[in-house]
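Structural description and commentary
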Amino acid sequence: MNSGDTGFMLFSTALVFLMTPGLAFFYGGLVRRKNICNTIMACVAIMGLSVVMWTLFGYSLSFGGDHFGIIGDFRWFGLRQVGWEPGPYAATIPHLVYTAFQMMFAMITPALITGAAAGRMRFKALFLFAALWSLLVYYPMAHMVWGMGGFLASIGSVDFAGGNVVHISSGVSALILALILGKRRGYDHTSYRIHNIPFVALGASLLWFGWFGFNAGSALAANGLAAHAFMTSAISSACALLVWMLLDVIKSGKPTLVGASTGLVVGLVAITPGAGFVPMWAAFLIGALVSPICCFTVVLLKQKLKIDDALDAFGCHGIGGIWGGIATGIFADSSINSVAKWNGLVFGDTRLFTAQLISIGVTIATACVGTLICVCLVKAVTPLRAEAHEERIGMDLSQHGEYAYPSFNGLD
């Protein structure tokens, strides 16, 4: 073992943990004031749920053994035989440290989906959905991409820090859930104003800070690859932030703090699968292009197709992750990281690009089927959607019996 690598990975794990509270503030600021406690509580509850599920059986199903390249087994149930010595996935850090690092990915991924259901899904239903979705979608995806013998790894596709596992899977599932739930009441004739823009900026800043652990930590050592992933992440997010500001100026004549915050997040989403595979110059292009791609998708979904993906989970994470996976197939350089068997499309090789497209397709299919199964199972236990009166008075009061603001009188 290497104490430097161990310290670096423990710090990276703590950084990644910060991302879920950051997401809670980011989402919480975007919703109406009568729903902020409910929106934040969704992330907080998943923080507890994900740790218990991961340590009991989630880690073992994701990384222990292999069955058909899709799922593991229960050999490490309750972290049995997961100890201080290095495990099979990282040679210089304790097995427990690797487990903890991966646990933070399992924490934030289902939390991303909650943005699509904001303001209208019963808390009980959302909690059950998150548990089932982790079991039926996240654990198989983590195994297929990162587990030994995983199907998507075996075909040569690469995903450095979670483009498929985290962003595409959660984004596609968010879109399916939004379609099933339907629009928020009054969606077509009510103005849904963002109630706390400083919270949005705070959440985005925490996400950016934590994302350096997310991407650089995926090198699993304090080495040059970690530094490379750190810098590609910084470049992509900065470029996306600036381009989204430009888009705001083109559309309305003024840059907005919400737009800048959204831009930096989609820039991070886009670079995630390729952070440790693409050269520095490619990070500029990946970040600069993801903002117009995601902005167009959000406008298409909300204004043209009238789909109420409340907080743009699909438009930002789903589409941003898909672009990032494709971009990795275009720009990857195997000399940066030998995990990539082939170079990207710009270097004259089509094999990685093809593998990336296949992996994206498999991820979308897994998320769609898994989400539909989860919804059917949840509906057998409890209604998905809150009643009209509960939505009208706000999810904070109807689901939790509390207000975020003492002076709030129940109207919005």
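Reference entry: report on the structure contained in this document. This is a predicted model, so every value here is computed, not measured. (Residues numbered from 1 in each chain as written. Predicted model: local features only at pLDDT ≥ 70, side-chain atom pairs only at ≥ 80, totals over all residues. Heavy atoms only, no water.)

Points about the overall build of the protein
Rules: A run of DSSP states H or I qualifies as a helix once it reaches four residues; a run of E qualifies as a strand once it reaches two. Both are numbered from the N-terminal end. To get the radius of gyration, use the C-alpha atoms; to get the globule rule, take the number of residues to the power 0.38 and multiply by 2.2 Å. For every residue, the accessible area (1.4 Å probe, protein chains only) is compared with the maximum for its type, and the residue is labelled buried under 20%, exposed over 50%, or partly exposed between those bounds. Residue contacts are defined here by distance: any two heavy atoms, one from each residue, within 4.5 Å place the two residues in contact. His is not counted, nor are the chain ends; Lys and Arg add positive charge and Asp and Glu add negative charge. For this purpose, a charge sits on NZ of Lys, CZ of Arg, CG of Asp or CD of Glu.
Helix and strand content of the protein: 14 helices and 0 strands. Secondary structure elements of the protein, listed N to C terminal, follow the sequence α-α-α-α-α-α-α-α-α-α-α-α-α-α. For 412 residues, the compact-globule formula gives about 22 Å, and the C-alpha radius of gyration of the protein, at 20 Å, lands near that figure. The dimensions of the protein, computed from C-alpha atoms along their principal axes, are 55 × 50 × 35 Å. Counting only residues that meet the buried cut, the protein has 60% of its 412 residues in that class. A separation of at least 24 residues holds for 76% of the contacts in the protein among residues at least 6 apart in sequence. Between the centroid of the 22 positive side chains of the protein and the centroid of its 18 negative side chains there is a distance of 10 Å.

Observations regarding the packing of aromatic side chains
For clarity, the cut-off: In this scheme Phe, Tyr and Trp rings, the latter by its six-membered ring, pair at centre separations within 6.5 Å, and the angle between planes marks the pair as stacked below 30 degrees, edge-to-face above 60, and tilted otherwise.
Scanning the model with the defined rule gives 23 aromatic pairs in all. Ring geometry for Phe 105 and Phe 214: centres 4.4 Å apart, planes at 15°, overall stacked. Taken as a pair, Phe 105 in helix α3 (residues 95-113) and Phe 214 in helix α7 (residues 197-216) lie far apart in primary sequence, 109 residues in all. Overall, the relative accessible area of 1% leaves Phe 105 in the buried class. Among the aromatic residues, ring-to-ring pairing joins Trp 54, Phe 57, Tyr 59, Phe 63, Trp 76, Tyr 89, Tyr 98, Tyr 138 and Tyr 139 into one connected group.

Describing the pattern of salt bridges
Oppositely charged side chains can pair when the atoms bearing their charge come close. Quick note on the threshold: By salt bridge we mean one thing: a side-chain nitrogen of Lys or Arg within 4 Å of a carboxyl oxygen of Asp or Glu.
Within this structure, the stated rule accounts for 9 salt bridges. One salt bridge connects Asp 312 with Lys 302, and the closest N-O pair in it is separated by 3.2 Å. Remark: Lys 302 occurs in helix α10 (residues 280-304) and Asp 312 occurs in the loop between α10 and α11 (313-331); sequence separation between them is 10 residues. A single network of salt bridges, built from pairs that share partners, joins Arg 120, Arg 184 and Asp 308.

Some points on helix α1 (residues 3-30)
Here is the rule: An expected span of 1.5 Å times one less than the residue number is assigned to each helix. By the criterion applied in these results, polar contacts are pairs of N or O atoms within 3.5 Å in which, for protein atoms, one can donate a hydrogen and the other can accept it, and in which residues neighboring in sequence qualify only through two side-chain atoms.
Its 28 residues give α1 an end-to-end C-alpha distance of 41 Å, which sits within 8% of 40 Å, the value for a rise of 1.5 Å per residue. At the N-terminal end of α1, a side-chain oxygen is found 2.8 Å from the backbone nitrogen of Gly 4, two or three residues along, and the residue is Asn 2.

Focus on the state of the cysteines
Applicable threshold: In this description, the term disulfide denotes a pair of cysteine sulfurs within 2.5 Å.
Applying the stated criterion across every chain yields a total of 0 disulfides. Not engaged in a disulfide, the cysteine Cys 376 finds its nearest cysteine sulfur in Cys 374; these two sulfurs lie 9.4 Å apart. Its relative accessible area of 56% is what places Cys 376 among the exposed residues.

Thoughts on the nonpolar core
The condition is simple: Here, nonpolar core refers to any group of buried Ala, Val, Leu, Ile, Met, Phe, Trp, Tyr and Cys residues whose side-chain atoms link them within 4.5 Å.
Within the largest apolar cluster, 128 residues are counted, with the highest numbers of intra-cluster contacts made by Met 121, Phe 129, Tyr 138 and Phe 214. Per-element tally for this core: the top contributor is helix α4 (residues 123-146), with 14 residues. Leave out the neighbours within four places in its chain, and Met 121 touches Leu 126, Phe 129, Leu 177, Leu 181, Leu 384, Arg 385 and Met 395.

Quick look at the side chain of Thr 232
By the element assignment, Thr 232 lies in helix α8 (residues 224-252). Residues within four places of Thr 232 in sequence aside, it is in contact with Ile 271, Ala 275, Val 278, Met 280 and Ala 283.

Quick notes on the side chain of Asp 159
Along the chain, Asp 159 turns up in the loop between α5 (151-154) and α6 (163-181). Put simply, Asp 159 is tucked away with no salt bridge, and the nearest opposite charge, on Lys 341, sits 15 Å away. Only 2.9 Å separates the side chain of Asp 159 from the backbone nitrogen of Gly 162, close enough to count as a polar contact. Those residues within four positions of Asp 159 in sequence are excluded, and the remaining contacts are Val 145, Trp 146, Asn 164, Val 165, Pro 273 and Phe 277.

A closer look at the packing of α6 against α11
Using the following cut-off: Every axis corresponds to a line fitted to the C-alpha atoms, with the helix fit spanning only the stretch in contact, and the corresponding angles, defined between N-to-C directions, vary from 0 to 180 degrees. Each crossing gets its hand from how the near helix is turned against the far one by less than a right angle, where anticlockwise is left-handed and clockwise is right-handed. Here the term charged refers only to Asp, Glu, Lys and Arg, the term nonpolar to Ala, Val, Leu, Ile, Met, Phe, Trp, Tyr, Cys and Pro, and the term polar to all other amino acids, Gly among them.
Running from amino to carboxyl end, α6 crosses α11 at an angle of 140°, the nearest separation of the two axes being 8 Å. Judged by the twist between their axes, the crossing of α6 over α11 is left-handed. Contacts between α6 and α11 involve Gly 163, His 167, Ile 168, Gly 171, Val 172, Ala 174 and Leu 175 on the former and, on the latter, Ala 313, Phe 314, His 317, Gly 318, Gly 321 and Ile 322. Class assignment of the residues belonging to the contact of α6 with α11 gives a composition of 7 nonpolar, 6 polar and no charged.

Quick look at the packing of α7 against α8
Our working rule: Note that the term roughly parallel is reserved for angles under 35 degrees, roughly antiparallel for angles over 145, roughly perpendicular for angles of 65 to 115, and oblique for everything else.
Two numbers describe how α7 lies on α8: the axes approach to 8 Å, and their chain directions differ by 140°. Between α7 and α8, the crossing angle belongs to the class labelled oblique. Crossing angle aside, the handedness with which α7 passes α8 is right-handed. Judged by residue contacts, Trp 208, Phe 212, Asn 215 and Ala 216 of α7 engage Ala 226, Ala 229, Phe 230, Ser 233, Ala 234, Ser 237, Ala 238 and Leu 241 from α8. Taken together, the residues of the contact of α7 with α8 break down into 9 nonpolar, 3 polar and no charged.

Description of unusual backbone geometry
Positive phi outside glycine occurs at Leu 79, with the angle close to 60°. In this structure, Leu 79 sits in the loop between α2 (36-63) and α3. At Gln 81, a residue that is not glycine, the phi angle is positive and equals roughly 65°. Mapping Gln 81 onto the fold places it in the loop between α2 and α3. Judged by relative accessible area, Gln 81 falls into the exposed class, the value being 63%.

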